[in-house]
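In case you want the letters, here they are:
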Amino acid sequence: MSLHHPAPISHHPGEELLLAYAGGGADEAVSLIVAAHLAYCAACRRRSRELEALGGCLLQELAPVPMASGALDAALLKLDGIKPFERPARQASGDCTPSVLRPYIGGDLRDVRWRQVGPNLSYVPLFRRGAIRARLLRGVPGSETGAHRHAGLEYTLVLKGGFSDETGSYAPGDLQVMEGDMRHSPVADPGEDCINLAVTTGPLKFESLLQKIVAPLFGF
Amino acid sequence: MLAYARIRPFPRRKPALRLNLPMMPQAQELNALLGRVAEMRDQAAFAALFAHFAPRIKAYLLRLGAPPALAEDLAQEALLSLWRKAHLFDPAKASAATWLFTIARNLRIDTIRRERRPELEPADFMPEAELAADDGLALADDEARLRAALKDLPADQIQVVELSFFADKPHSEIAAQLDIPLGTVKSRLRLAMARLKRIMGEAS
């Protein structure tokens, strides 16, 4: 199964985000959305590998700290008992779901059990740690999310369909990063449902009164 | 920013980086040792890799704040992982040092941060598309070039690059720690990355 799409990826994680992923400083939810973007984007895969090579160089340059005496002997004694690692057999995705997402979803996108949050919008919580949350969001074609700002960062990766807002148009594989007080009102593109992976580091700040009241009930 | 790059007000001193000892195995040798572990389960090759990498991985974990006993245990564990996974090492994709770095990084995330590390699966993309953009870099030959380039960076740029790998904190906190504005951290990082990228671009 390939995730390659005819449309080229036009919205990428910045250098800083790739560095946080490759260096290991990014938390799990942010790493998840970067890794899912990499499944679509050969250019960022290459860049991420270069940054890992930089990590390898830094490791080489670190002043070694001696291991305890006997550490090597202790390791050697264990070697015979260690079986070579076997990669677990992977079940191919039936609908091009990036495999890095499948453990979080518990299968493919088409198996997801959506929770309705309005006539046009549904979601699935995937992950939560403190204020950081990862979710799948699905909007019917043409649906509006409603103008909002952010208390933290909002990362959005398009998995199916697409959406547009004041900042541009987003297709599968595109990653949008909205910071703090940037305001936007995304609208799902016509045609098919728009399915996104969204990671937020703080609640969304909606402008409409109804959404202000309803959003916190669903944890948005 | 340009003026900054020209003037270079900081001494070209690299406090955190040590000089290479002449005995230090080169990237090619380390790759060859890893190949011997993969193909022959060669314990002498393992011992040589252990002697080289375990103290560096321990240093890496200490830099990230691990208590000494834990750093020792995890460095040991990382090398046992090398023994377990050596057959998965692909020298066309990464140098031995880069591969060990990713093992140590993921081990730390698993055991110290107690988080999962979402890793890309090669099954996700087509082999023919791979060839276009995924190959070429991070080979053993490039490692020497990248290391030379790294040493050639101004000290203040090396510092922010290092902290990006060894601090486990966002750039805002790095800025606070160094007592410089966030914008300065970002611009130093950008300068460093642009230079390294240019050098790696020339290599491929």
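Please refer to the structure placed before this passage.
Since the structure is predicted, the reported quantities are computational estimates derived from the model, not experimental observations.

What counts as what
Residues numbered from 1 in each chain as written. Chains lettered and ligands numbered in written order. Predicted model: local features only at pLDDT ≥ 70, side-chain atom pairs only at ≥ 80, totals over all residues. Helix = DSSP H or I, 4+ residues; strand = E, 2+ residues; numbered from the N terminus. Expected span 1.5 Å × (residues − 1). Buried ≥ 20, exposed ≤ 12 C-beta atoms within 10 Å, placed from the backbone. Contact = placed C-beta atoms within 7 Å. Nonpolar A, V, L, I, M, F, W, Y, C, P; charged D, E, K, R; others polar. Pairing = 2+ DSSP bridges.

Enquirer: Before we go on, may I ask you to explain helix α8 (residues 155-166) of chain B in this structure?
Expert: For an α-helix, 3.6 residues make a turn, and residues three or four places apart therefore share a direction. Residue and element names in this part refer to chain B. Its 12 residues place the ends of α8 16 Å apart at the C-alpha level, agreeing with the 16 Å of an ideal helix rising 1.5 Å per residue. For α8, the tally of buried residues reaches 10 of 12 residues, placing the bulk of the element in the interior. Among the residues of α8, those classed as buried are Gln 157, Ile 158, Gln 159, Val 160, Val 161, Glu 162, Leu 163, Ser 164, Phe 165 and Phe 166. Looking at the residues trailing α8, positive phi occurs at Asp 168, about 55°.

Enquirer: What should I look at first to understand the interface of chain B and chain A in this one?
Expert: Interfaces are often described in size by the accessible area the parts lose on coming together. Tallying the contact residues gives 65 residues for chain B and 52 residues for chain A. Broken down by secondary-structure element, the contributors of at least two residues to the side of chain B that touches chain A are α3 (43-63), α4 (68-85), α5 (96-111), α6 (127-133), α7 (140-151), α8 and α10 (182-203) of chain B. Residues belonging to the side of chain B that touches chain A are distributed by class as follows: 36 nonpolar, 8 polar and 21 charged.

Enquirer: Help me understand the sheet that holds strand β9 (residues 187-188) of chain A, please; the structure alone is not making it clear to me.
Expert: Whenever strands of a sheet pair, they do so through backbone hydrogen bonds, lying parallel or antiparallel. Residue and element names in this part refer to chain A. Taken in spatial order, the 3 strands of this open sheet run β7-β6-β9, and their pairing is antiparallel. The sheet is open, and its two borders are formed by β7 (168-170) and β9, each paired with just one other strand. Here strand β6 (residues 163-165) pairs with β9 via 2 bridges, running antiparallel. Counterpart to Phe 163 in the pairing with β9 is Ala 188.

Enquirer: Help me understand the sheet that holds strand β10 (residues 194-200) of chain A in this model?
Expert: All names here are of chain A. On the basis of which strands lie adjacent, the open sheet formed by 6 strands has the order β1-β2-β3-β10-β5-β8 and antiparallel pairing. The sheet terminates laterally at β1 (115-116) and β8 (175-179), the two strands that pair on one side only. For strand β5 (residues 153-160) and β10, the ladder comprises 6 bridges, and the chain directions are antiparallel. Within β10, the residue paired with Leu 157 across the bridge is Leu 197.

Enquirer: Honestly, unusual backbone geometry in this entry has me stumped. Any pointers?
Expert: Residues other than glycine predominantly adopt negative phi, and peptide bonds predominantly adopt the trans conformation. All names here are of chain B. Even without being a glycine, Arg 41 presents a positive backbone phi close to 50°. Relative to the assigned elements, Arg 41 resides in the loop between α2 (27-40) and α3. By C-beta crowding, Arg 41 is classed as partly exposed, having 16 other C-beta atoms within 10 Å. Despite not being glycine, Arg 114 has its phi angle at roughly 55°, a positive value. Since 8 C-beta atoms lie within 10 Å of it, Arg 114 is described here as exposed.

Enquirer: What exactly am I supposed to notice about the pairing of strand β3 (residues 132-139) of chain A here?
Expert: In summary, the side chains of a regular strand alternate between the two faces of the sheet. Residue and element names in this part refer to chain A. β3 sits mainly inside the fold: 6 of its 8 residues count as buried. Pairing geometry for strand β2 (residues 121-129) and β3, over 8 bridges, is antiparallel. Pairing of Pro 125 across the sheet is with Arg 135, part of β3. Between β2 and the antiparallel strand that follows it, β3, lie 2 residues; Gly 130 among them carries a positive phi value of about 60°.

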